[in-house]
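Geometric and topological summary
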Number of protein chains: 2
Amino acid sequence: MTKPTASHPFDPLSPEEIALVVQAVKHAYAEKNVIFRVVTLAEPRKVDMIPFLEAEHASKSAIPPCRTAMVQFYLENSSDFREIHVDLSSLKVTKELKLTGKHSYLDPQLMDECEQACLKDEQVQEAIRALQLPEGAVVCVEPWTYGTDGMHDMSKRILMCYFYMRLNDHGDANYYAYPLDICVEMTDDLDVIGILTLPSGCHDRVQPAADGIKPFDRRKLHKSSEYHPELAKERRTTTRPYHVVQPEGPSFKTDGNLITWEKWRMRVGFNYREGLTLHDITYDGRSVFYRLSLSEMFVPYGDSRAPYPRKAAFDLGSNGAGVNANNLKLGCDCLGSIKYFDGYHHTISGDPLILKNAICCHEIDDGILWKHTNYRTENAVVTRSRILALQTIITVGNYEYIFAFQFTQDAAINYEVRATGILSTVPIDLGDSVPYGTIVAPGVLAPYHQHLFCLRIDPAIGGHANSLIVEDSVPMPLDEPTVHNPFGIGYTTSQSIIDTESFLDTDIAKGRVFKIVNENITNPVTGTPIGYKLVPHYSQMLLAHPSSIHARRSEFCSHPIWVTKYDDRELYAAGDHTMQSLGGEGIESWIKSRPHPVSVRNEDIVLWHAFGTTHNPRVEDWPVMPCEKMLVSLKPVNFFDRNPALDVQLSTQERNCSVLVEDSGKKS
Amino acid sequence: MTKPTASHPFDPLSPEEIALVVQAVKHAYAEKNVIFRVVTLAEPRKVDMIPFLEAEHASKSAIPPCRTAMVQFYLENSSDFREIHVDLSSLKVTKELKLTGKHSYLDPQLMDECEQACLKDEQVQEAIRALQLPEGAVVCVEPWTYGTDGMHDMSKRILMCYFYMRLNDHGDANYYAYPLDICVEMTDDLDVIGILTLPSGCHDRVQPAADGIKPFDRRKLHKSSEYHPELAKERRTTTRPYHVVQPEGPSFKTDGNLITWEKWRMRVGFNYREGLTLHDITYDGRSVFYRLSLSEMFVPYGDSRAPYPRKAAFDLGSNGAGVNANNLKLGCDCLGSIKYFDGYHHTISGDPLILKNAICCHEIDDGILWKHTNYRTENAVVTRSRILALQTIITVGNYEYIFAFQFTQDAAINYEVRATGILSTVPIDLGDSVPYGTIVAPGVLAPYHQHLFCLRIDPAIGGHANSLIVEDSVPMPLDEPTVHNPFGIGYTTSQSIIDTESFLDTDIAKGRVFKIVNENITNPVTGTPIGYKLVPHYSQMLLAHPSSIHARRSEFCSHPIWVTKYDDRELYAAGDHTMQSLGGEGIESWIKSRPHPVSVRNEDIVLWHAFGTTHNPRVEDWPVMPCEKMLVSLKPVNFFDRNPALDVQLSTQERNCSVLVEDSGKKS
């Protein structure tokens, strides 16, 4: 992040702090080889933060909780995985644990090493020769995390290396257009432990390489799968330029990681795993949320043929939204006046690493905010909606995800996810088809899959004691002695307050609404508790069987809403360590593990929203997929005493300087 | 609409045509008083249009079907309601029918007359006096259509006049903040037939005025409900200007009502009832949709106390999206380069009337369209999404609706609805509450209600013979002899083709997708029929009891999807005449009325999508409600051979001219 003058307890570790911590760890494990996997802020305990924030909000001085780093590392080799906490003032180790049986995430550096090792392996070279690839073919190897399937759930980290080729000298040729028939199992110390042929048609065919490899079918060669401008030169020229001009600059202000904009105030955080996080969010000085973050995401594939059940990626826990964040380029990813925040990470040897422009902050015009025309006077009063977007884009192999928190002037927060990038492809024989994939180019199958996200919502609606209300809109009974509904048109709401930790389901037929309320504060106008509602993104949940390893590993994917009592240690809905996880570590297990049901009424609670998309590819998603958008909203419900955006400036031609267009596109 | 040189068969009537038709009708009914209610284009029969459009698309000449006007009028008085068709070349009447028992819509002119008549009525004045309003109070009377409740379903048009007051000389003071305790029933020949007091608390109280009127409770007086800038002067000054600059002008071209933009080509239509309509929509020369329009909308209130069951508005059939279209103001309703289309209507005496700027056409930047970063080369390729919006905004009394068809570069069409404006309010005693409304200001109840829209989708996917496929994503059975699913993670799709006219339900748990396909055209890449899918807006359906008059009148509101065989006469999902309709005239009745089930497989079909929102007001919706957005999409599914937006220009700083912002909002 941009270096603040003095660190706030929520600020990510600075490069200087990373360097100090690394030095301390190296000192503590002198003469041993420390392979640094994580050096990040251990966020302060909430119990320590609350008094500090209260003082801060009241502009009083207070001593911040001490800063602590959380470090995960391999000692000597990948069988000794450890986590320690280091106090940043004393540089003393305050906590140490061995993460036995756990594995660290897969990062681009290891992916690169795997590719090199694969290509150097003589048996792999033999398999490649057996493919009899066209002249000029360059083989690309893409390592995937190993989705546990019970077959290699050994103590080692395993990587599944899928093979592709490009036929072009150009490094940006789309090699996903040529998925090859082979695949390699590799340990993270770069030993090839198996070479497999992939299924090539509707039948299942996984066998040792020597028997099964058939030559590459040259009829699969085609030219329509390129997307890079130097390879796909046909570009429409009809789209005329569109500039966003903010002559007085943006409406937001930043001071280090503190952002203030249109009555909103929040702190930006960043870490290797979740990427963008938000902290201590207030509107007009009133507390709304303590922390918002993407907790986890899961991308399981529906192709049942071995080895594809191993394609099931936890893109946060096993890859990291922070370490895979794009370097956002001015003018490419956003329009208008843009402020960037850098992230900091480190190499495996502990050197601080800058992740340039990992987050962008900018404003977006979102059309009309509110309007009314008095039909008697014909006077229209109209305001436009300005949005503050905090956006990060990650690349995980073939796919891109665009994550944005959007703040609105009417005190709502949206979380928008856009899925784009390139489909994960596998080979298929020409003329064949399978029921769990779409053929997107000759010999190229894009298997069905799901993208399931889990948004972690840590509310502080008017304070930390909150409750969750499930509200349905229900018809009144037909007229009866105690109910006055003579025309059968009446309806009311039925509310239930959730008492103990549980999952909840959406119900569109009932118009179900999920309200986080503060039962201790009554809205003076409505006479009801102040609250915010979650507007979910309605989604099909996990399709894999509840008994499957996928389901056991991705507990959050079985229901769209979960509520738990706040616990500093519970940040990741599929568990702290998803790499080759065996299940039993996620949100359902937390709840089940409590000795007795835990109250979530008038307590410090956390809401979790699982949502996503069942992505059965269209050919229109190839070779690069137009964004598929998902949107979740958090909106005030009887939190304010009227429309909080009533005071937004009117939308006028004087302010907006629009241009009238005459017939045939002539400017007037 | 902007006057074309020569009328296209889909062009709305020009003012000259309206004048000619009116003259012909007056001539035909010489010496009788003709009260013109509708003079609009009777769109040509599809069977006549298809050969014409085929020739037009092939740039061949063809004789257009003759233009016909549809005229609805009262003869002498409102008991003789008629419809005739007039051939525009001969000016001969080609069809004539008496609309016995039907009623015309309520327009602002009649609303104004009602108000004046109410206020002149001595009994009404007496009731107003009984209210003992504060000094300076100006009483406003707002006539509503009469939602049939079996009590006054007489042959006359009835209006329900609700009373409000403003305490301010200012004509734009928010009188909805003071709903008064009385209400008047009036016939459309302006006779007061009843004065009622309204219920004032949780008990039901409707009785003759003399007994029930109590003085206005002065403790209800408050200052927080104004929204007009001259009355609500507190405005935030933090939002800095934001201009959309299109230095080379917009990317669209218009020629009369023909619009071409980014491979799209379509014709804009407009009529008094549906407002904006779209015709003959093609992408890259390929036929996609024949006609898109909002067919109807229904706004029933959930307050069961008489007379509120009469609050149930068909805002299209009984009010008209065309006649209530806002005059869109440059720079107020949209940003950038904007083209407006005028609409034409007429006075009740038949004089052509311009509805200035009823539709706007402009472009919107919609963030990233697609992106991929090759993690090996770190080269990012990114394009931005430009949208073409065709927008109209209507005011129906207190509410505003913003309707926009949005065309995207990746060949999708979105239909966005934003609900804004002022809540309909009724009085409530201070300190009281009811279970079907929210108190939004002292003594002001905003009753629960639903907004249910019906989008009519007349597809022409690669031609007019289309089918509807319902596709679910379903888990494969666990491994068994005939199914290979050893890990329980496989899933496939199950498809059913709809054979005959019917309704369909959404099913999120099954990831249900609705595909309109052309079974006669196979996609060469995927080997499946070309198609477009409907991405519904998931909504709670009508809450009123199926036996209620609301349900009988609004047949489309019982299920989200309907498919029918195309019929030129079936445009309006709740029937042609919704004013005081008694039910049995809508989409369900059409289907039931066929002598036998009608095939919709490989036929000319129409899809209807009912969606909306259950609006239990928040106090944040007061005094003017921030837009609530709804979005429906139509997206290609294996219609093209790859991403149709692959050729969109790259997003670069050179093109976009963004500005870097440093810490604390300084421009660099």
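Residues numbered from 1 in each chain as written. Chains lettered and ligands numbered in written order. Predicted model: local features only at pLDDT ≥ 70, side-chain atom pairs only at ≥ 80, totals over all residues. Heavy atoms only, no water.

Turning next to the overall build of chain A. In terms of helices and strands, chain A carries 9 helices and 34 strands. Whereas a compact globule of 668 residues would reach a radius of gyration of roughly 26 Å, chain A reaches 27 Å, a difference of no more than 12%. Projected onto its principal axes, the C-alpha positions of chain A cover 80 × 70 × 60 Å. Within chain A, counting contacts between residues at least 6 apart in sequence, those at least 24 apart form 67% of the total. For chain A, the accessible surface area stands at approximately 22600 Å², while carbon and sulfur atoms represent 51% of it. Across chain A, the 65 positively charged side chains and the 85 negatively charged ones have centroids separated by 3 Å. (Helix = DSSP H or I, 4+ residues; strand = E, 2+ residues; numbered from the N terminus. Rg over C-alpha atoms; globule rule 2.2 N^0.38 Å. Contact = heavy atoms within 4.5 Å. Areas by Shrake-Rupley, 256 points an atom, 1.4 Å probe, with all protein chains shown as cover. Lys, Arg positive; Asp, Glu negative; His and termini not counted. Charge placed at Lys NZ, Arg CZ, Asp CG, Glu CD.)

Once that is clear, we can look at the confidence of the model for chain A. Regions with low pLDDT should not have their predicted coordinates read in detail. Residue and element names in this part refer to chain A. Mean pLDDT over chain A: 94, with 97% of residues reaching 70 or higher. Below pLDDT 50 for its whole length, residues 1-5 participates in 17 contacts with residues either more than four positions away or in separate chains. Across the interfaces of the predicted complex, the ipTM metric reaches 0.96, alongside a pTM of 0.97. (pLDDT = per-residue confidence, 0-100.)

Residue and element names in this part refer to chain A. Applying the stated criterion across every chain, the model contains 90 salt bridges over all chains. Residue Glu185 pairs with Arg310 through a salt bridge whose shortest N-O separation is 2.5 Å. Residue Glu185 is located in strand S7 (residues 179-187), and its partner Arg310 is located in the loop between strand S14 (286-300) and strand S15 (312-314); the two are separated by 125 residues in the primary sequence. Note on Glu185: relative accessible area 5%, which makes it buried. You can call Arg310 buried: its relative accessible area is 4%. (Salt bridge = Lys/Arg side-chain N within 4 Å of Asp/Glu carboxyl O. Buried < 20%, exposed > 50% of the residue type's maximum accessible area, 1.4 Å probe, protein only.)

All names here are of chain A. Residue position: His362 is located in strand S17 (residues 352-374). Residue class for His362 comes out buried when judged on its relative accessible area of 4%. Put simply, His362 and Ser251 are 111 residues apart on the chain and 9.0 Å apart in space, counted from C-alpha to C-alpha. Once residues lying within four places of it in the same chain are set aside, the contact partners of His362 are Phe252, Cys334, Leu335, Ser337, Ile338, Ile387, Leu388 and Ala389.

Right, let's get into the domain arrangement of chain A. Its domain assignment divides chain A into domain 1 (15-98), domain 2 (108-220) and domain 3 (253-478 + 488-637). The centre of domain 1 of chain A, based on its C-alpha atoms, is set 39 Å off from the matching centre of domain 2 of chain A. (Domains from an automatic or database assignment.)

Another point: the interface of chain A and chain B. With 182 residues of chain A at the interface, the matching set in chain B holds 182 residues. Across the chain A to chain B interface the summed buried area is about 15400 Å²; carbon plus sulfur atoms make up 53%. Among the residues of chain A in contact with chain B, Arg236, Tyr242 and Tyr491 of chain A are the three that bury the most area, contributing 6% of the side total. If you look at where chain A meets chain B, you find 14 salt bridges. Asp647 of chain B is the partner of Arg236 of chain A in a salt bridge, and the nearest nitrogen-oxygen pair spans 2.9 Å. Run the count over chain A and chain B and you get 128 residue pairs in polar contact (both at pLDDT 80 or more). Among the elements that take part in the side of chain A that touches chain B, S17 of chain A stands out by supplying 12 residues, more than any other. Grouping the constituent residues of the side of chain A that touches chain B by class yields 77 nonpolar, 63 polar and 42 charged. (Buried area = accessible area lost by both parts, 1.4 Å probe. Polar contact = N/O pair within 3.5 Å; in protein donor to acceptor, adjacent residues only side chain to side chain. Nonpolar A, V, L, I, M, F, W, Y, C, P; charged D, E, K, R; others polar.)

Residue and element names in this part refer to chain A. Read from one edge of the open sheet, 4 strands run S5-S6-S7-S8, paired in antiparallel fashion. If you trace the sheet from one side to the other, it starts and ends with strand S5 (138-145) and strand S8 (192-197), each paired once. Along the sheet, successive strands turn relative to each other by an average axial angle of 25°, direction set aside. Against the sheet, helix H4 (residues 122-130) touches S5, strand S6 (158-166), S7 and S8, its axis set at about 10° to S8. (Pairing = 2+ DSSP bridges. Axes fitted to C-alpha atoms, helices over the stretch in contact; angles between N-to-C directions.)

This next bit is on the packing of aromatic side chains. Evaluation of the coordinates by the stated rule reveals 55 aromatic pairs over all chains. Taken together, a centroid distance of 6.2 Å and an interplanar angle of 70° make the contact between Tyr178 of chain B and Phe216 of chain B edge-to-face. With Tyr178 of chain B in the loop between strand S6 (158-166) and strand S7 (179-187) and Phe216 of chain B in the loop between helix H5 (209-212) and strand S9 (243-245), the pair connects residues that are 38 residues apart, well separated along the chain. What makes Tyr178 of chain B buried here is its relative accessible area of 6%. Above the ring of Tyr290 of chain A, the side-chain terminus of Lys46 of chain A is found at 4.4 Å from the ring centroid. It is Lys311 of chain A that lies over the ring of Tyr301 of chain A; its NZ or CZ is 4.5 Å from the centre. (Phe/Tyr/Trp six-rings, centres within 6.5 Å; stacked < 30°, edge-to-face > 60°. Lys NZ or Arg CZ within 6 Å of the ring centre and 35° of its normal.)

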